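Examining the three-dimensional arrangement
What follows is the residue order along each chain.
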Amino acid sequence: MSTDDLKFRAIVDEAIQRLGEVIVLKDVPYRAGHKEWFLFTEFAYFVDLVAKSTPRTAFSVFRKRELPSRQAVTLDIVDQFLVKITHHQEIMIADHQTDQGILTILAEFDAHDVETDEVKKWATEFKGTQVIWGRLPPWWLPNGEDVITAYVPDTDGIVRFGTY
């Protein structure tokens, strides 16, 4: 699916209207798996980012509320993190201090980190930092109810995939 597709754009706009915000993953090809995360509350900012992106860039838009928790890091928050972390679910913790939608990923934790006490070490280091967090958005899922992915077309209007 192309990022120029009106159906894709309507889905993104509808999700922003319904949820008040969407989490977006920008995956630029040939960058060794480097991913950029965004939080948009306005459709125009999303459209602007897509317009400035190079062909073959993938945009995954999450259609359910992701990273719903907003609070300062305390040692008590560790218990909340631990409840969410299971063998099948990771959490992502981010800083959202810009008006341009950029999310700075501060940490991702999985079950291994619980066993090694990494979560408590992290919370001690970032105590007082205002964060947003929740389950790691499922960027690996195919298009469906949770996520929709589209690609910036080449200059000839054809969608071609890169190596991500």
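Residues numbered from 1 in each chain as written. Predicted model: local features only at pLDDT ≥ 70, side-chain atom pairs only at ≥ 80, totals over all residues. Heavy atoms only, no water.

**Details of the pattern of salt bridges**
Threshold: Salt bridges are identified by distance alone: a Lys or Arg side-chain nitrogen within 4 Å of an Asp or Glu carboxyl oxygen. Comment: elements are numbered from the N terminus, with helices defined as DSSP H or I runs of at least four residues and strands as E runs of at least two. Only protein chains enter the accessibility calculation, which uses a 1.4 Å probe; a residue is then buried when its area is under 20% of its type maximum, exposed when over 50%, and partly exposed in between.
Counted by the stated rule, this structure contains 13 salt bridges. The partner of E21 in a salt bridge is R70, and the shortest N-O contact between them spans 2.6 Å. Pair noted here: E21 is in the loop between α1 (6-19) and β1 (22-27) and R70 is in strand β4 (residues 69-72), with a separation of 49 residues, a long-range link. With a relative accessible area of 11%, E21 lands in the buried category. The partner of D154 in a salt bridge is R160, with the nearest N and O atoms 2.8 Å apart. Given a relative accessible area of 14%, D154 falls into the buried group. A network of salt bridges, in which partner residues are shared, links R56, D154, D156 and R160.

**Quick word on the pairing of strand β5 (residues 91-95)**
Our working rule: At least two DSSP bridges between two strands are required for those strands to pair.
Counting buried positions along β5 gives five out of five residues, so the element sits mostly inside the fold. Side chains I91, I93 and D95 of β5 all project onto a buried face; the interleaved residues M92 and A94 project onto the opposite face, where all are buried too. Inspection of the sheet shows β5 paired to strand β6 (residues 102-109) by five bridges, in the antiparallel sense. Residue pairing for β6: D95 is matched across the bridge by T104. By the bridge criterion, four bridges tie β5 to strand β7 (residues 130-135) in an arrangement that is antiparallel.

By themselves, these observations are geometric and do not establish any function.
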